[in-house]
Amino acid sequence: MTVWIAIAVTAVGCYLVKLLGLLVPAGALERPLVRRLAALLPVALLAALTAQQTFADGQHLVVDARGAGLAAAALALVLRAPFLVVVTVAVVVTAGARALG
């Protein structure tokens, strides 16, 4: 039963956060600082999620094949490879590192 209570509280919380976003005056959203932060926030969240999924296993820091795949993907991005190539490089390097180790 506590799981359903947690789901209900989370749903209400998400609704309230969305409602608060709609209540923000339009003038506040037009400020240059707010626009810049709104553009950078998704990138920062995605980077944090990527790091957490790559280097964490529960409560422990783990460096394994996923780190090698992430490094290979970062290198492919620096070399301006297309997105599908970046993903393919990351998958191949991760699979190769797992096969070798």
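These figures come from a predicted structure and were not determined experimentally.

### Some details on the packing of helix α4 (residues 65-78) against helix α5 (residues 83-100)
Now for step 1: Their axes nearest at 8 Å, the elements α4 and α5 cross at an angle of 150°. Considering the angle they form, α4 stands roughly antiparallel to α5. Pair α4 / α5 crosses with right-handed handedness. Residues Ala65, Arg66, Ala68, Gly69, Ala72, Ala73, Ala76 and Leu77 of α4 form the contact with α5, whose participating residues are Val86, Val89, Ala90, Val93, Thr94, Ala97 and Arg98.
Now for step 2: Its residues placed into classes, the contact of α4 with α5 shows 11 nonpolar, 2 polar and 2 charged.

### Concerning the confidence of the model for the protein chain
Any residue range with low pLDDT should be treated as having predicted coordinates unsuitable for detailed reading.
Now for step 1: Per-residue confidence for the protein chain gives a mean pLDDT of 93; residues scoring 70 or more make up 99%.
Now for step 2: Element-level mean pLDDT values for the protein chain span from 86 in helix α2 (residues 26-29) up to 96 in α5.

### Topic: a nonpolar patch on the surface
Now for step 1: Together, Val12, Tyr15, Leu16, Leu19, Leu20 and Leu23 give the surface a local cluster of nonpolar side chains, amounting to about 620 Å² of exposed area.
Now for step 2: Its location among the elements puts Leu20 in helix α1 (residues 2-23).

### Structural notes on the environment of Val43
Now for step 1: Among the secondary structure elements, Val43 is positioned in helix α3 (residues 32-55).
Now for step 2: Residues Val43 and Leu33 lie 10 residues apart in sequence; the distance between their C-alpha atoms is 16 Å.

### Quick word on the side chain of Thr54
Now for step 1: For Thr54, the location among the structural elements is in helix α3.
Now for step 2: Residue Thr54 is classed as buried on the basis of its relative accessible area, which comes to 9%.
Now for step 3: Setting aside residues up to four positions removed in sequence, Thr54 forms contacts with Val62, Asp64, Arg66, Gly67 and Leu70.

Parameters and conventions
Residues numbered from 1 in each chain as written. Predicted model: local features only at pLDDT ≥ 70, side-chain atom pairs only at ≥ 80, totals over all residues. Heavy atoms only, no water. Axes fitted to C-alpha atoms, helices over the stretch in contact; angles between N-to-C directions. Helix = DSSP H or I, 4+ residues; strand = E, 2+ residues; numbered from the N terminus. Parallel < 35°, antiparallel > 145°, perpendicular 65-115°, else oblique. Left-handed = near helix turned anticlockwise from the far one by under 90°. Contact = heavy atoms within 4.5 Å. Nonpolar A, V, L, I, M, F, W, Y, C, P; charged D, E, K, R; others polar. pLDDT = per-residue confidence, 0-100. Patch = residues over 30% accessible without salt bridge, like charges linked within 9 Å, V, L, I, M, F, W, Y side chains within 5 Å. Areas by Shrake-Rupley, 256 points an atom, 1.4 Å probe, with all protein chains shown as cover. Salt bridge = Lys/Arg side-chain N within 4 Å of Asp/Glu carboxyl O. Buried < 20%, exposed > 50% of the residue type's maximum accessible area, 1.4 Å probe, protein only.

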